[in-house]
Amino acid sequence: MASPFAVYSEAIPSAPFPFPPVQSLDHRIPSAPSPRMNPAELRQQIANVSGTVVIKVGTRVLTHPDGTLNHERIDQLAEEIQTISQNGRRVVLVSSGAVGAGISLLGLKSRPTDLAKLQAVAAVGQVHLIQSYDRTFARYGRRAAQVLLTVEDVDDRVRYLNVRNTIASILEFGAVPIINENDTVSVDELKTTFGDNDRLAAMVTNLIRAPLLVVLSDIEGLYDGDPSRKESKLVHTIEKIDETVLGYVRDKKTGLSKGGMASKLEAARMVTTAGESMIIASGRQPNILTQVFAGELVGTLFVGQGKGITPYKRWLGFSAQVRGRVQLDAGARRAILEQGRSLLAAGIVNVQGEFQKGDVVALCDSEGHVIARGLSNYSSADIERIKGIKSDKIAQVLGRRPYEEVIHRDNLAIVRK
Ligand code: GLU
């Protein structure tokens, strides 16, 4: 059976530092649709998407109002996934619903606020969730494969590649990878959680280089105002996530699920910056996936930006955890975003956090927006001493100048264009 995506065997850099840019064996950089296309042409591109796509389904799609799992919907979803998995297209599912299912199975009246209890509820619910998928996919002669991830699994470069290889192998077996956060060990305070499954799905999309992420939600897409007001209109195509688009978002949190439109926009930003596309559509509408993959104008399409970035930069930009921040002046910001340059000490105005040489740091503009991430050639203590000075003066201050750049361009990924 052909590999669903080239299995990584890329070498893990053995030099202690800096990582050389890693050469991928997978040369399939999907050509992102051109923003100059009209909406119908853009949707035709979606209809032609092949390879592995990611579908994320939220708690409110999978559960009844009383919190019990909606088996009919799981059946429909499996049937649709079966229908769209043809002509070389394969599906990786990111599914929420563990906490929701656990609450009703344990007869609780509401979502626990105590962390250990919440994790216990997820442990109970996850079993039921995966059993339901497995039973349903078995009708099509396929097995469900449970993949539970933590932030640490995608932060560490070796584990990141392992996750990718495992998902590829599951697909080769013809099974359906069903991914959720490993809620029983993920803790917000320890920064071991993805935050929500929209972000997890975006990371998975970037990790496997899927050309499309479909987020199935309880809402039809992004509206240009409060969706409960009748003058608000569904926006079918977003070519760039700018201030106007961010202004559309009204985030309401409920007792049952995390996420909301703000985190969906954040997921869309991660996916489109890496060059891939994302669609938000209603998971409650029958045949929605069939419509999406027929190129129909349903939901909201976020158009991928540019040509697609390399696997190494996807890890650097979206999966690796940052250990500190450096703030840039306007000139350095321009050099990074517009001129494809490295970061020099002269352009740094401030450094936050404690990090070592070789750690991943966030590069922020004067307003505190993270625009890029990169591997630092200097520790935070060294940067504190050399910030704002010209590169040829570094040796005078530190007594050595191992690198001209604080972050070399090859070890830098743009995360906000
Ligand atoms: N991992 C959680 C669950 O399965 C869901 C998190 C989310 O939906 O964002 O219940």
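Cut-off values and rules
Residues numbered from 1 in each chain as written. Predicted model: local features only at pLDDT ≥ 70, side-chain atom pairs only at ≥ 80, totals over all residues. Heavy atoms only, no water. Helix = DSSP H or I, 4+ residues; strand = E, 2+ residues; numbered from the N terminus. Buried < 20%, exposed > 50% of the residue type's maximum accessible area, 1.4 Å probe, protein only. Contact = heavy atoms within 4.5 Å. Areas by Shrake-Rupley, 256 points an atom, 1.4 Å probe, with all protein chains shown as cover. Near = heavy atom within 4 Å. Polar contact = N/O pair within 3.5 Å; in protein donor to acceptor, adjacent residues only side chain to side chain. Phe/Tyr/Trp six-rings, centres within 6.5 Å; stacked < 30°, edge-to-face > 60°. pLDDT = per-residue confidence, 0-100. Pairing = 2+ DSSP bridges. Axes fitted to C-alpha atoms, helices over the stretch in contact; angles between N-to-C directions.

## Re the overall build of the protein chain
Right, so step 1: Assigned secondary structure in the protein chain consists of 15 helices and 15 strands.
Right, so step 2: When each of the 417 residues of the protein chain is scored for burial, the buried share is 54%.
Right, so step 3: Pairs at least 24 apart in sequence give 73% of the contacts found in the protein chain among residues at least 6 apart.
Right, so step 4: Accessible surface, the protein chain as shown: approximately 18300 Å² in total, 50% of it carbon and sulfur.

## Describing the side chain of Asn206
Right, so step 1: You can see Asn206 is positioned in helix H8 (residues 197-208).
Right, so step 2: Asn206 gets classed as buried once you look at its relative accessible area, which sits at 2%.
Right, so step 3: Those residues in contact with Asn206 that lie beyond four places of it in its chain are Tyr160, Met270, Val271, Ala274, Glu276, Arg314 and Phe318.

## Description of the site of the ligand
Right, so step 1: Around the ligand lies a shell of nine residues, among which Ser96, Val99, Asn180, Asp183 and Asn197 are the nearest.
Right, so step 2: The separation between an oxygen atom of the ligand and a polar main-chain atom of Gly97 is 3.3 Å.
Right, so step 3: Asn197 is positioned with one of its backbone polar atoms (N or O) 2.8 Å from an oxygen atom of the ligand.
Right, so step 4: When the free accessible area of the ligand is taken as 300 Å², the share hidden by the protein chains comes to 94%.

## Quick notes on the packing of aromatic side chains
Right, so step 1: Counting across every chain of the model gives three aromatic pairs.
Right, so step 2: Here the aromatic rings of Tyr378 and Tyr403 are separated by 6.4 Å at their centres, their planes lie at 90°, and the arrangement is edge-to-face. Here Tyr378 is found in the loop between strand E14 (370-375) and helix H14 (380-386), whereas its partner Tyr403 is found in the loop between helix H15 (394-398) and strand E15 (412-414), with 25 residues between them in sequence.

## Considerations on the confidence of the model for the protein chain
Right, so step 1: Per-residue confidence for the protein chain gives a mean pLDDT of 88; residues scoring 70 or more make up 88%.
Right, so step 2: The model gives residues 6-31 a pLDDT under 50, and that stretch makes 58 contacts with residues more than four places away or in other chains.

## Focus on the sheet that holds E14
Right, so step 1: The sheet built from five strands is open, its strands ordered E12-E11-E13-E14-E15 with mixed pairing. The open sheet has two edge strands, strand E12 (348-352) and E15, and neither has a second partner. This sheet shows a mean twist of 25° between the axes of neighbouring strands, independent of strand direction.
Right, so step 2: Contacts between helix H12 (residues 311-319) and the sheet are confined to strand E13 (360-364), E14 and E15, with E14 contributing the most and set at about 120° to the helix.

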